[in-house]
Amino acid sequence: MCDHAHEIPAYDAQAIEEKWMKSWEEQNLFAVDTDSTKPKKYVLEMFPYPSGDLHMGHARNYTIGDAMARQARMRGYDVLHPIGFDAFGLPAENAAIKHNTQAAAWTYKNMDQALATMKRMGFSYDMDRLVKTCSPDYYRWGQWIFEKLWERGLVYRKKNPVNWCPKCETVLANEQVTEGRCWRCDSEVEKRDLEQWYIKITAYAQELLDDLEKLPGWPERVKQMQANWIGRSEGAEVDFTLCDVDGNPIEGDEGKITVFTTRADTLFGNTFFLLAPEYKGLMDLVEGTGYEAGVREVVEGAKHISAVERAQGTLEKHGAFTGRYVINPVSGAKVPVWVADYVISDYGTGAVMAVPCGDARDFDFARKYDLPIVPIILSEDDPLYEDLKDEQGTRVTSVDWDEALTCEGKLVQSGKYTGMTGGKHSEGEAAIVADLEAAGTGKRSVQYRLRDWLISRQRYWGNPIPAIHCEHCGIVPVPADQLPVMLPENLDLTAGETLAECRDFYETTCPVCGAPARRETDTMDTFTCSSWYYLRYTDPHNTELPFSREAANRFMPVDNYIGGIEHAILHLLYSRFFTKALRDMGLLDVDEPFTNLLCQGMVKDENGDTMSKSRGNVVPPSSVIEPFGADTMRLAILFIAPPEKDFDWDPKAVEGANRFIKRAWRIVWQLAETAGDAASLDKVALSKPALELYRERHRTLAKCTEDFDRGQFNTAISAMMELVNAASAYINVVPAAERDAALTALVACDIVSVLAPICPFACEELWHAALGREGSVYTAPWPEFDAAEAAADEVEIAVQVLGKMRARVMVPAGADAAVMQAAAEAAVAKHIEGKTVVKAICVPGKLVNLVVK
RNA sequence: GCGGGCGUGGCGGAAUUGGUAGACGCGCUGGAUUUAGGUUCCAGUGGGCUUUCCCGUGAAGGUUCGAGUCCUUUCGCCCGCACCA
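Residues numbered from 1 in each chain as written. Chains lettered and ligands numbered in written order. Predicted model: local features only at pLDDT ≥ 70, side-chain atom pairs only at ≥ 80, totals over all residues. Heavy atoms only, no water.

**Student:** Is there a simple way to think about the overall build of chain A in this case?
**Tutor:** Helix and strand content of chain A: 27 helices and 35 strands. With the C-alpha coordinates aligned to their principal axes, the bounding extent of chain A is approximately 110 × 90 × 50 Å. Residue burial in chain A is summarised as follows: out of 853 residues, 54% are buried. In chain A, the share of contacts with a sequence separation of at least 24, taken over all contacts with a separation of at least 6, comes to 73%. As presented, chain A carries roughly 37,500 Å² of accessible surface, and 48% of it is formed by carbon and sulfur atoms. One finds the centroid of the 90 positive side-chain charges in chain A at a distance of 3 Å from the centroid of its 127 negative side-chain charges. (Helix = DSSP H or I, 4+ residues; strand = E, 2+ residues; numbered from the N terminus. Buried < 20%, exposed > 50% of the residue type's maximum accessible area, 1.4 Å probe, protein only. Contact = heavy atoms within 4.5 Å. Areas by Shrake-Rupley, 256 points an atom, 1.4 Å probe, with all protein chains shown as cover. Lys, Arg positive; Asp, Glu negative; His and termini not counted. Charge placed at Lys NZ, Arg CZ, Asp CG, Glu CD.)

As structure tokens, this is what we get:
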């Protein structure tokens, strides 16, 4: 038992945390120093939606960011670490109706509650930069940016089949539909043909894809997900010529139907031609013919396929012959035109050349409707190959296969291309595309799966789209000097009132001609608000612009961005697009907003289940803060697992964290008792145990610092524990009177400093009370260390014989290979007895491996 | 189907470039302090005939003086996208 325990003040987390919470706020300690000449570091956590109080996921997210921010401050950076709220959104409307209040009131109340919890957790935010997206100061600039995009042709309106969520009563963007269901409420989405507002994100598809390579600090899987979502395909557009009802080709543009294909090499295998049910002009082809009824049936049937069924991928294919034919521009074949419900209308051209021999879907369709299957790519060991390799054999137009052949091989039955290799980017493909281009019937083309971003929402609690519908002038933007279009905060949602029914809102005059006009009553997708908030933080009070170029350039890009994987596509893709678009408007000079991305894992309950209100298994942060304090909460969260991994909540781990803080607290106080002037440390005069502690201090500090840089808090904390253990061992073996005053001062300061980013309250208290320092520990520098100082005079090396561990032996530090080998051979004498050492591999300071015969 | 990731003690997890597997913590066992519980401190804790011997990183091969780490095959689990021509 330690000899001075009675003198050490108890660790009273609640009192300490209350005290420093107030003090930091009064000092405004975490404000950015705008005059600083220090290098900047921008640490950002994804801002929350204020749906109530913070949960464990938030606590984890912000603790990670806060530890990074506090440590960066101590390492000498000018740190921008702001917070705000993604405050618009549908849950506020639903809650307002449920609680008979207003969306604004509910939102503001929740934000206040969340802010109180953030303060209680000790997060070091620059509160002067607080951003709330529902504030007119903020959304004004969202409208301004919208109009700038509009000016540049990046905003447009289009009537199109769109995703409609019947529960949320609004349309959704493609990114907001998962397996046919609404991302927010999980309802099955419906297709509706509506005129809506779009942002032309596809204009940036290629750059969004290419620049993923500029993001080595992003998780590979997130980049992969974005690349898949953008979905670039290289291929060719090929023009087919439609025949009239009598089978005569229709010359000119009238008769041209273009398809996109990645497999131009398979054009000779094309035995039928498909149009999507939504293909424009489809019904004109069959109107008044005997095929009209059959086609109409497929078109109507397709409307009833839900996106959920589609997502299952097991749908039976339906189709109908249109009675028409097209001429294949390469083979010259006349092939029948069908409508098929597996053709997607908004990818490529909505028309497809079917190649049943090599495409599983076309194969299924051909089997079902008894259409010919012409083999055109065969491997050379295929029984058919000999017959078909030189165009001499009998033409084969049907096969007995059970499924399409997707193997590599050579082209057969392909005219002059026969014998070339087939496949994507193959010899055959290149030759055919070259000939198409020469003939003017085709060209190279690239398609993306990425669709334009549908941003209008038929909802109230959002940023109003700043547009006016005038009978005479069409749709015109609200003049910039009239922004923002203010969102009324007094709608009676309980009575079902919407913006479209709010006369005070929508009645206006046309800014061009002055005639009475109607204001647009759709609001913007909330993801538009979150696509640029990180820029507003750099200049939050600007009344002339969303942010100044100087401020943005000073802090951007965000160095460390921390948030959940659920935004891998949505928010992160939209934000990348906004950054690029704003760059092209000359508003800032970076290409990418977030240099390093950390996707933190989820916090599950003790059984590994997701915490949710409906399950009733939510562990609120208060359940830890109240008994143990915020420092324990923070330490437990960071120590239990690496930040990017999911972890199951474990009350025992919380107790362990609390135990460590108390232990560190006690050790620091004990060290402080004998602490003198750390600067007077004389390494030569240190006793053996003191020297050991001294070395351990350099070793653990090096490890800890490196782990902070890697964002590996769990191992950084392990290193801190080792340092505390080393200090404890020193105290246990050396009586107080004999302890080195400089060393104890140094190590006490070390422990407090390295733990400070993680347990800020306890460390700030120790800094003042135990160490007697003036000023905050966060204005003090990070401890200096030298990994070379950790080296002992002697090191233990491993001795292996033929790769098997046989002994461990001490050798002088820096011993050369000969010395190491001699020591090793002596240590394993009995294992090498009677054998010859033919080779010795010596890894300095680590091991010797003896190869014997 | 396509793409990505992961398999290490009773548990969470270490091992940064191939070089002493299991750091650190939880739990457990024993001891000290204590009236007791709690706290704290000390020691131990991968498995195996308990003895300096063998086996051990999902499984099987391979490369290497040496493999948790690299290669091939395979099994199991997780995530993302999905009728994208």
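From this point, the narrative continues.
**Student:** It is not clear to me how helix H25 (residues 760-770) should be interpreted in this structure. Could you clarify?
**Tutor:** Residues three or four positions apart in an α-helix share a direction because the helix packs 3.6 residues into each turn. Of all the 11 residues making up H25, 9 are buried; the element is thus mostly covered by neighbouring parts of the structure. All buried positions along H25 are accounted for by Pro-760, Phe-761, Ala-762, Cys-763, Glu-764, Glu-765, Leu-766, Trp-767 and Ala-770. At its buried positions, H25 is contacted by helix H1 (13-27), helix H2 (56-74), helix H4 (103-121), helix H20 (630-639), helix H21 (651-673) and helix H24 (741-755). Just beyond H25, the residue with positive phi is Gly-772, at close to 65 degrees.

**Student:** For this particular structure, what's the right way to read the packing of H20 against H25?
**Tutor:** If you want to describe how two helices pack, look at the angle between their axes and the distance between the axes. At their nearest, the axes of H20 and H25 sit 7 Å apart, and the two run at 120 degrees to each other. It follows from the interaxial angle that H20 and H25 lie oblique. Together, Ala-630, Asp-631 and Arg-634 of H20 and Pro-760, Phe-761 and Ala-762 of H25 make up the contact between the two elements. Here the residues of the contact of H20 with H25 are counted per class, giving 4 nonpolar, no polar and 2 charged. (Axes fitted to C-alpha atoms, helices over the stretch in contact; angles between N-to-C directions. Parallel < 35°, antiparallel > 145°, perpendicular 65-115°, else oblique. Nonpolar A, V, L, I, M, F, W, Y, C, P; charged D, E, K, R; others polar.)

**Student:** Even after reading the chapter, I still don't get the environment of Phe-594, so can you show me in this structure?
**Tutor:** Its place among the elements puts Phe-594 in strand E29 (residues 594-599). For the pair Phe-594 and Leu-450, spaced 144 residues apart in the sequence, the C-alpha separation amounts to 21 Å. Once residues lying within four places of it in the same chain are set aside, the contact partners of Phe-594 are Leu-215, Trp-218, Tyr-534, Pro-557, Val-558, Tyr-561, Leu-572 and Ser-575.

**Student:** What is the right way to look at the sheet that holds strand E27 (residues 523-524) in this model?
**Tutor:** Note: strands within a sheet are paired through backbone hydrogen bonds, in either parallel or antiparallel orientation. Here we have 3 strands laid out as an open sheet, ordered E21-E27-E22, and antiparallel in their pairing. The open sheet terminates on both sides in strands that have one partner only, identified here as strand E21 (456-457) and strand E22 (463-464). Here E22 pairs with E27 via 2 bridges, running antiparallel. Bridged to Asn-463 within E27 is Met-524. (Pairing = 2+ DSSP bridges.)

**Student:** Quick question: what am I supposed to make of the UniProt feature "short sequence motif: 'HIGH' region" (unreviewed entry) in chain A here?
**Tutor:** UniProt's entry tags residues 48-58 with the feature "short sequence motif: 'HIGH' region" (unreviewed entry), counted in the numbering of this structure. The distance from the first to the last C-alpha atom of residues 48-58 is 8 Å, and the span holds 27% helix and 0% strand. (UniProt positions renumbered as here; feature names shortened; annotations may be inferred.)

**Student:** Please explain the nonpolar core as it appears in this structure.
**Tutor:** A general trend in soluble globular proteins is that nonpolar side chains are found buried together. Judged by nonpolar contacts, the single largest core of 193 residues is most densely connected at Trp-453, Tyr-534, Trp-649 and Ile-751. Top contributing element to this core by residue count: helix H23 (residues 713-733), with 12 residues. Within the second largest apolar cluster, 58 residues are counted, among which are Val-238, Phe-240, Leu-275 and Val-343. (Core = buried A, V, L, I, M, F, W, Y, C linked by side-chain atoms within 4.5 Å.)

**Student:** How should I be thinking about a positive patch on the surface in this particular structure?
**Tutor:** On the surface, a cluster of positive charge is contributed by Lys-804, Arg-806, Lys-830 and Lys-835. Relative to the helices and strands, Lys-835 is located in the loop between helix H27 (829-832) and strand E34 (837-843). According to the relative accessible area criterion, Lys-835 is partly exposed, its value standing at 46%. (Patch = residues over 30% accessible without salt bridge, like charges linked within 9 Å, V, L, I, M, F, W, Y side chains within 5 Å. Salt bridge = Lys/Arg side-chain N within 4 Å of Asp/Glu carboxyl O.)

**Student:** What is the right way to read the UniProt feature "domain: Aminoacyl-tRNA synthetase class Ia" (unreviewed entry) in chain A from this model?
**Tutor:** Within this structure's numbering, the places UniProt gives as "domain: Aminoacyl-tRNA synthetase class Ia" (unreviewed entry) are residues 450-649. Annotated as residues 450-649, this span is 26% helix and 20% strand, and its ends, taken at the C-alpha atoms, are 38 Å apart.

**Student:** Before we go on, may I ask you to explain the protein's contact with RNA strand B in this structure?
**Tutor:** Near RNA strand B lie 56 residues; those nearest to it are Arg-361, Ile-640, Arg-663, Glu-706 and Arg-808. In the interface set of RNA strand B, defined as its atoms within 4 Å of the protein, sugar plus phosphate atoms amount to 66%. Separating a phosphate oxygen of RNA strand B from a side-chain N or O atom of Lys-804 is a distance of 3.4 Å. The contact in question runs from a phosphate oxygen of RNA strand B to an N or O atom on the side chain of Lys-830, over 3.1 Å. Counting residues per element, the surface near RNA strand B draws most heavily on H23, which supplies 7 residues. Residue classes in the surface near RNA strand B are distributed as 20 nonpolar, 16 polar and 20 charged. (Near = heavy atom within 4 Å. Polar contact = N/O pair within 3.5 Å; in protein donor to acceptor, adjacent residues only side chain to side chain.)

**Student:** Can you walk me through the environment of Asp-786 in this structure?
**Tutor:** Position of Asp-786 relative to the elements: it lies in the loop between H25 and strand E32 (794-801). Between the alpha carbons of Asp-786 and Arg-695 there is a distance of 9.5 Å; along the sequence they are 91 residues apart. For Asp-786, the side chain forms a polar contact with the main-chain nitrogen of Ala-788, separated by 3.0 Å.

**Student:** Please explain unusual backbone geometry as it appears in this structure.
**Tutor:** Glycine aside, the phi torsion of most residues is negative, and most peptide linkages are trans. Residue Pro-484 is reached from Leu-483 by a cis peptide bond, and omega for that bond is 0 degrees. Structurally, Pro-484 is set in the loop between strand E24 (474-477) and helix H14 (503-506). That bond from Met-556 to Pro-557 is cis: its omega, -5 degrees, falls within 30 degrees of zero. Structurally, Pro-557 can be placed in the loop between helix H17 (549-555) and strand E28 (558-563). The backbone of Asp-186 shows a phi angle near 70 degrees, a positive value even though the residue is not glycine. Within the secondary structure, Asp-186 is located in the loop between strand E8 (181-182) and strand E9 (190-199). Backbone geometry places Asp-370, a non-glycine residue, at a positive phi of 55 degrees. Relative to the assigned elements, Asp-370 resides in the loop between helix H11 (360-369) and strand E16 (377-378).

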